[in-house]
Amino acid sequence: MHICIDDYLLDIVQNSFEAGSSLVELTFAETGTNLFCEIRDNGKGMNAEIQRRVLDPFYSDGEKHKKRKVGLGLPFLSQACDACDGTFALQSEEGIGTTVSFSFRLDHIDAPPMGNVASTFLALLSHPLCEELVIERSLETGKGGEAYTLRKSELEAVLGPFETSGTLALLRQYLSSQEEELEQYREENLLDMHRRNTSPSRQQEM
Amino acid sequence: MAKMTLEELRKLREKKQNEIQKRDIEGKDARIIVGMGTCGIAAGAKPVLDTFLEVLDEKKIDNVSVTQTGCMGLCYVEPTIEVIVPGMPDVIYGKVDVETARKIVEQHIIGKQLVTDHMFDRPAADIIKKDGGK
């Protein structure tokens, strides 16, 4: 099992890249108590039979690893959502694309910690199969909030291809600055009880 | 750090590019490939990737290629990474945590010596036994 919510996210967005998508859109929206996430891709999609089987941990299409009998990304996620009163939904059409959406109740005792969102976005944006990725990240409290949008093509136009350590270090710095602004808003405006999601494992992760 | 704009990012890049010219030799053509499959992620590959970038930036090494791949088939020793440095054997390191990642940059990428206690699969077993490949 994964430790943090952002690990689940990283794991399943890779599915979209591997499905040959030319565009992947990610919504990652937090309120004080909930996280809603949606991943929409225009990859190859899945037929009804495969959709039925992907939540079975012992099912894999066997394309990446010929003899392997497990596929754990989606089963892990749906199980983690179930464990904390969250939701999980999968919609897909062959040749059109797939949409996965899930939510977590962040104040639930069994909700995983959030993890390091900036480093997850970094890993996704620099994934070798990622053609175009648009990330809408927000924190809304009802009284206001913070949000930012990341677009791979726009960032690559500024930095050049995401290949070498120097370029990725700049990207890392940029992403951290976006996320820090959001964290600052959280600390100024939300109650202490919601902060637990960024504490213990976050330090381990850094 | 205040929220950076794309324009500020562009300026920062230009500034950095002027500095890069002088030290283009270190890390040239070196590659780090991080296994980022489900098994790698569960074992902590993401903070490892992050640490590589952090340490390389700290050491001002700008031209190491850092990429991701899926599972390399060594799920039992995740996180696994492959390091390719010209003039040295290609190595797959396993059980790489953030401390080991730092050590790999300092010892393997910069010092040109293998980190023997984390080597798996490659190169051949008889080489792994030798001290740092010296």
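Quick caveat, the model's predicted, so the values are computed rather than measured. (Residues numbered from 1 in each chain as written. Chains lettered and ligands numbered in written order. Predicted model: local features only at pLDDT ≥ 70, side-chain atom pairs only at ≥ 80, totals over all residues. Heavy atoms only, no water.)

1. Let's talk about the sheet that holds strand 1 (residues 24-30) of chain A
Within a sheet, adjacent strands bond to each other through the backbone by hydrogen bonds, running parallel or antiparallel. All names here are of chain A. Pairing is mixed in the open sheet, where six strands are placed in the order 3-4-2-1-5-6. Where the open sheet ends on each side, the last strands, each with one partner, are strand 3 (87-93) and strand 6 (145-151). Neighbour to neighbour, the strand axes of the sheet diverge by 5° on average, direction disregarded. The strands that helix 4 (residues 117-125) touches are strand 1, strand 5 (133-140) and strand 6; relative to strand 5, the one it contacts most, it runs at about 165°. Most of the contacts of helix 6 (residues 165-189) go to strand 6, to which it runs at about 165°, and overall it touches strand 1, strand 5 and strand 6. (Pairing = 2+ DSSP bridges. Helix = DSSP H or I, 4+ residues; strand = E, 2+ residues; numbered from the N terminus. Axes fitted to C-alpha atoms, helices over the stretch in contact; angles between N-to-C directions. Contact = heavy atoms within 4.5 Å.)

2. Describing the interface of chain A and chain B
Between chain A and chain B, the residue contacts involve 45 residues of the former and 32 residues of the latter. Here chain A and chain B share an interface that buries about 3,500 Å² over both sides, 58% of which is from carbon and sulfur atoms. Summed over the three residues of chain A that lose the most area to chain B, namely Val158, Ser165 and Arg172 of chain A, the buried surface amounts to 18% of that side. A salt bridge links glutamate 54 of chain B to arginine 172 of chain A, with the nearest nitrogen and oxygen atoms 3.5 Å apart. (Buried area = accessible area lost by both parts, 1.4 Å probe. Salt bridge = Lys/Arg side-chain N within 4 Å of Asp/Glu carboxyl O.)

3. Structural notes on the pattern of salt bridges
Within the structure shown, the criterion is met by 21 salt bridges over all chains. For glutamate 146 of chain A, the salt bridge is made with lysine 3 of chain B, and the minimal N-O distance between the two is 3.6 Å. Note that glutamate 146 of chain A is positioned in strand 6 and lysine 3 of chain B in the segment before helix 1 (6-20), a pairing that runs across two chains. Across the salt bridge formed by glutamate 58 of chain B and arginine 102 of chain B, the nearest N and O atoms sit 3.0 Å from each other. Of this pair, glutamate 58 of chain B sits in helix 3 (residues 45-58) while arginine 102 of chain B is found in helix 4 (residues 98-110), placing the two residues 44 residues apart along the sequence. What makes arginine 102 of chain B partly exposed here is its relative accessible area of 28%. In this structure, a network of salt bridges that share partners links the residues Glu30, Arg137, Glu179, Glu183 and Arg186 of chain A. (Buried < 20%, exposed > 50% of the residue type's maximum accessible area, 1.4 Å probe, protein only.)

4. Quick look at helix 3 (residues 73-83) of chain A
Among the 11 residues of helix 3 of chain A, eight are classified as buried, and the element is accordingly described as predominantly covered. Of all the positions in helix 3 of chain A, only Gly73, Leu74, Pro75, Phe76, Leu77, Ser78, Ala80 and Cys81 of chain A are classed as buried. Lining the buried residues of helix 3 of chain A we find helix 1 (5-18), strand 3 and strand 4 (97-105) of chain A together with helix 2 (38-43) of chain B. Once helix 3 of chain A finishes, aspartate 85 of chain A follows within two positions and takes phi at roughly 55°, a positive value.

5. Let's talk about the sheet that holds strand 5 (residues 119-120) of chain B
Residues and elements named next belong to chain B. Pairing in this open sheet of five strands is mixed, and the strands run 2-1-3-4-5 from one edge to the other. Across the chains shown, the open sheet's two edge strands, defined by having one partner strand only, are strand 2 (65-69) and strand 5. Strand direction decides the pairing type here: strand 4 (residues 91-93) and strand 5, joined by two bridges, are antiparallel. Residue pairing in the sheet places isoleucine 92 in a bridge with phenylalanine 120 of strand 5.

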